[in-house]
Amino acid sequence: MTDKELYEILKYSIKNVYKDMAEDERREMLDFADGYRKFLDNGKTERECVREAIAMAESNGFVPFEEKTDLKAGDKVYFLNRQKNIMLCVIGSEDIENGLNIVGAHIDSPRLDLKQNPLYESDGMAMFKTHYYGGIKKYQWTAIPLALHGVVYKKNGEKVEISIGEKDDDPVFTITDLLPHLAKEQMSRTMLEGIEGEALNVLIGGIGAGSDEISERVKFNILNILSISYDITESDFISAEIEVVPAFKARNVGLDNGFVGAYGQDDRVCAYTSLMSIFDIEAPKKTAVCLLVDKEEIGSVGNTGMLSKFFDMSVAELIAKLKGSCDMVSYNRTISNSACLSSDVGAAFDPNYPSVSEKNNQSFAGGGLVLMKYTGARGKSEASDASAEFVHEITSILENNGVIWQTSELGKVDQGGGGTIAMYVANLNMDVIDCGVPVLSMHSPFEVTAKGDIYMAYKAYMAFYKDR
Ligand code: MN
Ligand code: MN
């Protein structure tokens with residue numbers, strides 16, 4: 001053996017998913033991404049993702065948990081929480097106290113929410129006021145086509161689902177930005193201050209109607225249109241949840257169609273791959289769980305976020321139906337023997353911005369599934385640091401199943417950082433590690449992922465369900 005050959009064996013080097021990929025696997029990878037793009041187009045909000053997940057689950061044999069009088073190995077059930085949070089389970093052949101294999105992703109994405117009293121008229125234009133949700137670079141949300149998605153409840157209690165801006169003949173909406181000719185002062189501000197939160201107002205109309213007695217004729221016309229089209233009045237917005245999201249569809253990016261470009265890939269790329277992997281699991285030994293949570297982008301809070309008791313309560317229900325009852329000991333054993341892949345995206349190295357990354361500990365688009373032993377910021381603050389034992393267990397499963405993977409931090413040590421659901425899962429007394437798909441332009445209206453990495457995430461979650 002030459003020194004060069006020995007060095008290749010001894011050193012860690014980042015692999016590439018496309019190297020040595022067989023032709024049929026390459027085709028499967030491309031087909032997989034086509035299905036994923038449809039999922040993104042059908043699910044631009046957490047509610048829509050849950051609706052989509054239920055439709056997909058039911059066509060794969062899953063039924064609501066409540067419909068089952070008893071449970072046996074191989075049964076497929078789901079728990080639904082307030083239309084925004086769902087947990088799918090395939091019952092394993094082993095005792096549930098041996099633990100669950102959980103893949104958890106979040107289905108909320110950064111966006112602009114309409115304020116509760118959003119509509120106003122100014123200078124002949126009708127506008128909606130918004131409050132942004134999650135970490136956005138505000139300037140990225142101006143001068144692009146936007147769509148409105150959400151739900152409004154009418155006075156009679158009837159629910160109205162809104163989706164405007166997705167069909168080819170739908171109108172779209174937009175947030176106007178200043179022309180460069182008049183932006184001298186704006187352009188001299190920092191990017192943080194360039195666009196203010198209160199300036200993220202959405203243009204929704206400009207044609208006035210009605211008699212001269214009405215001072216706000218454009219607003220009057222918009223209220224009339226809303227009344228005729230949806231039978232709602234202005235006060236119905238107070239209880240409504242309407243999200244402003246990019247109006248464009250998911251697209252292939254690159255002459256080789258190598259990437260998916262779309263809104264909301266953080267973290268629907270991991271939601272889709274987790275869903276597809278649990279659908280493809282037959283007769284697992286340990287009970288397989290796919291958990292899709294809301295509110296990760298604002299701290300996992302609320303009754304549909306990871307900090308909600310929904311997960312614990314659903315596990316207790318599972319144990320009770322399998323064993324006749326659920327005591328604290330049984331619950332504790334189940335949880336402490338469980339393991340979780342916190343399937344969330346990582347930051348892919350961006351050749352346009354090399355200075356924020358430390359390349360030896362950075363994920364690359366095309367480098368495969370990215371494992372993040374810890375996230376956190378400034379000295380691992382708020383990180384769930386996975387143990388050596390658990391990282392070794394997971395990487396062994398990946399290696400045994402031919403999954404291409406890489407390790408990463410979120411940028412340079414003092415550069416920034418971030419959190420996921422991992423630390424809250426870890427608090428339950430469970431092994432957990434972040435792993436998912438590297439993303440370019442994360443949190444922007446058009447995030448980019450490599451198709452090979454998406455496919456590897458799917459293969460990784462399958463391997464975890466099958467072998468752990
Ligand atoms: Mn995320
Ligand atoms: Mn995020």
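About the thresholds
Residues numbered from 1 in each chain as written. Chains lettered and ligands numbered in written order. Predicted model: local features only at pLDDT ≥ 70, side-chain atom pairs only at ≥ 80, totals over all residues. Heavy atoms only, no water. Helix = DSSP H or I, 4+ residues; strand = E, 2+ residues; numbered from the N terminus. Donors = N, O, S within 2.8 Å, 3.2 Å for Na, K, Ca; no water. Buried < 20%, exposed > 50% of the residue type's maximum accessible area, 1.4 Å probe, protein only. Pairing = 2+ DSSP bridges. Contact = heavy atoms within 4.5 Å. Axes fitted to C-alpha atoms, helices over the stretch in contact; angles between N-to-C directions. Patch = residues over 30% accessible without salt bridge, like charges linked within 9 Å, V, L, I, M, F, W, Y side chains within 5 Å. Areas by Shrake-Rupley, 256 points an atom, 1.4 Å probe, with all protein chains shown as cover. Salt bridge = Lys/Arg side-chain N within 4 Å of Asp/Glu carboxyl O. Lys, Arg positive; Asp, Glu negative; His and termini not counted. Charge placed at Lys NZ, Arg CZ, Asp CG, Glu CD. Domains from an automatic or database assignment. Buried area = accessible area lost by both parts, 1.4 Å probe. Polar contact = N/O pair within 3.5 Å; in protein donor to acceptor, adjacent residues only side chain to side chain. Nonpolar A, V, L, I, M, F, W, Y, C, P; charged D, E, K, R; others polar. Core = buried A, V, L, I, M, F, W, Y, C linked by side-chain atoms within 4.5 Å.

**Focus: unusual backbone geometry**
Reasoning step 1: Between D266 and the following residue, D267, the backbone shows a cis peptide bond with an omega angle of 15°.
Reasoning step 2: Summarising the element assignment, D267 is placed in helix α7 (residues 265–279).
Reasoning step 3: Look at R82: it is not a glycine, yet its phi comes out positive at around 55°.
Reasoning step 4: Considering the arrangement of structural elements, one finds R82 in the loop between β2 (76–81) and β3 (85–90).
Reasoning step 5: One non-glycine residue, K295, lies in the positive phi region at around 65°.
Reasoning step 6: Position of K295 relative to the elements: it lies in the loop between β13 (287–293) and α8 (310–323).

**Overview of the coordination of the manganese ion (ligand 2)**
Reference values for angles at a metal are 109.5 degrees in the four-donor tetrahedral case and 90 or 180 degrees in the six-donor octahedral case.
Reasoning step 1: With distances of 2.1 to 2.6 Å, the protein atoms coordinating the manganese ion (ligand 2) are D266 (OD), E297 (OE), E297 (OE) and H443 (NE2).
Reasoning step 2: The sequence motif formed by the donor residues of the manganese ion (ligand 2) is D-x30-E-x145-H.
Reasoning step 3: Here the manganese ion (ligand 2) and the manganese ion (ligand 1) are spaced 3.4 Å apart, linked through D266, which binds each one. Taken together, the residues D266 in helix α7 and E297 in the loop between β13 and α8 connect sequence positions 31 residues apart. The exposure classification of D266 matches that of E297, with both residues buried.

**A short note on the coordination of the manganese ion (ligand 1)**
Reasoning step 1: Around the manganese ion (ligand 1), the protein contributes the donor atoms H106 (NE2), D266 (OD), D344 (OD) and D344 (OD), which lie 2.1 to 2.6 Å from the metal centre.
Reasoning step 2: Mapping the donors of the manganese ion (ligand 1) onto the primary sequence yields the spacing H-x159-D-x77-D.
Reasoning step 3: A residue is classified by how much of its surface remains accessible, and D266, at 3% relative accessible area, is buried.

**Concerning the sheet that holds strand β16 (residues 369–372)**
Reasoning step 1: Within the open sheet, the nine strands sit side by side as β1-β2-β3-β13-β4-β14-β20-β16-β18. Their pairing is mixed. If you trace the sheet from one side to the other, it starts and ends with β1 (63–64) and β18 (405–407), each paired once.
Reasoning step 2: Judged from the four bridges that link them, strand β4 (residues 100–106) and strand β14 (residues 339–343) form a sheet pairing that is parallel. By the bridge assignment, G104 is partnered in β14 with S342.
Reasoning step 3: Sitting on the sheet, helix α3 (residues 46–59) touches β1, β2, β3 and β13, and the angle it makes with β3 is about 20°.

**Section: a negative patch on the surface**
Reasoning step 1: A surface patch of like charges, here negative, comprises E23, D24, E28 and D31.
Reasoning step 2: Position of E23 among the secondary structure elements: in helix α2 (residues 23–42).

**A short note on the domain arrangement of the protein**
Many structure descriptions define interface size as the accessible area lost when the parts assemble.
Reasoning step 1: As assigned here, the protein comprises domain 1 (11–109 + 263–467) and domain 2 (111–246).
Reasoning step 2: Taken together, the contacts link 18 residues of domain 1 with 17 residues of domain 2.
Reasoning step 3: A buried area of about 1,400 Å², summed over both sides, lies between domain 1 and domain 2, and 47% of it is on carbon and sulfur atoms.
Reasoning step 4: Taken as a group, K44, R47 and P445 account for 34% of the area that domain 1 buries against domain 2, more than any other trio of residues on that side.
Reasoning step 5: One can count five salt bridges joining domain 1 with domain 2.
Reasoning step 6: Across the pair E241 and R47 runs a salt bridge, and its minimum N-O distance is 2.7 Å.
Reasoning step 7: Between the two partners, domain 1 and domain 2, sit nine residue pairs in polar contact (both at pLDDT 80 or more).
Reasoning step 8: Taken together, the residues that form the side of domain 1 that touches domain 2 break down as three nonpolar, four polar and eleven charged.

**Observations regarding the side chain of K129**
Reasoning step 1: Position of K129 among the secondary structure elements: in strand β6 (residues 125–133).
Reasoning step 2: You can call K129 buried: its relative accessible area is 19%.
Reasoning step 3: Of note is the side chain of K129, whose polar atom sits 3.0 Å from the side chain of N201.

**Describing the sheet that holds strand β10 (residues 241–246)**
Whenever strands of a sheet pair, they do so through backbone hydrogen bonds, lying parallel or antiparallel.
Reasoning step 1: Taken in spatial order, the six strands line up as β8-β7-β10-β5-β6-β9 in an open sheet, and their pairing is antiparallel. Among the strands making up the open sheet, the edge pair consists of β8 (159–164) and β9 (202–205). Looking at each pair of strands side by side, their axes are set apart by 30° on average, direction ignored.
Reasoning step 2: Sheet topology note: the strand β7 (residues 146–153)/β8 ladder contains six bridges and is antiparallel. Each residue of the ladder has a partner; that of V152, found in β8, is V160.

**Side note on a nonpolar patch on the surface**
Reasoning step 1: Nonpolar side chains collect at one region of the surface, where M1, L6, I9 and L10 lie side by side and expose about 480 Å² of accessible area between them.
Reasoning step 2: Looking at the element boundaries, I9 is found in helix α1 (residues 3–10).

**Description of the nonpolar core**
A general tendency of soluble globular proteins is for nonpolar side chains to be buried together.
Reasoning step 1: Counting residues in each nonpolar core, the largest one holds 62 residues, and the members touching the most others are L88, L275, I278, L292 and Y461.
Reasoning step 2: Looking at this core, the element that brings in the most residues is helix α12 (residues 451–467), giving nine residues.
Reasoning step 3: Those residues in contact with I278, other than ones at most four positions away along the chain, are F62, L88, C89, V90, A288, V289, C290 and Y465.
Reasoning step 4: Residues L114, L146, A147 and L148 belong to the second largest nonpolar core, which totals 32 residues.

**What to know about the side chain of K219**
Reasoning step 1: Looking at where K219 falls in the secondary structure, it is placed in helix α6 (residues 217–230).
Reasoning step 2: Looking at K219, the relative accessible area reads 14%, which means it is buried.
Reasoning step 3: When residues no more than four places from it in sequence are discounted, the contact partners of K219 are L119, Y120, E121 and E234.

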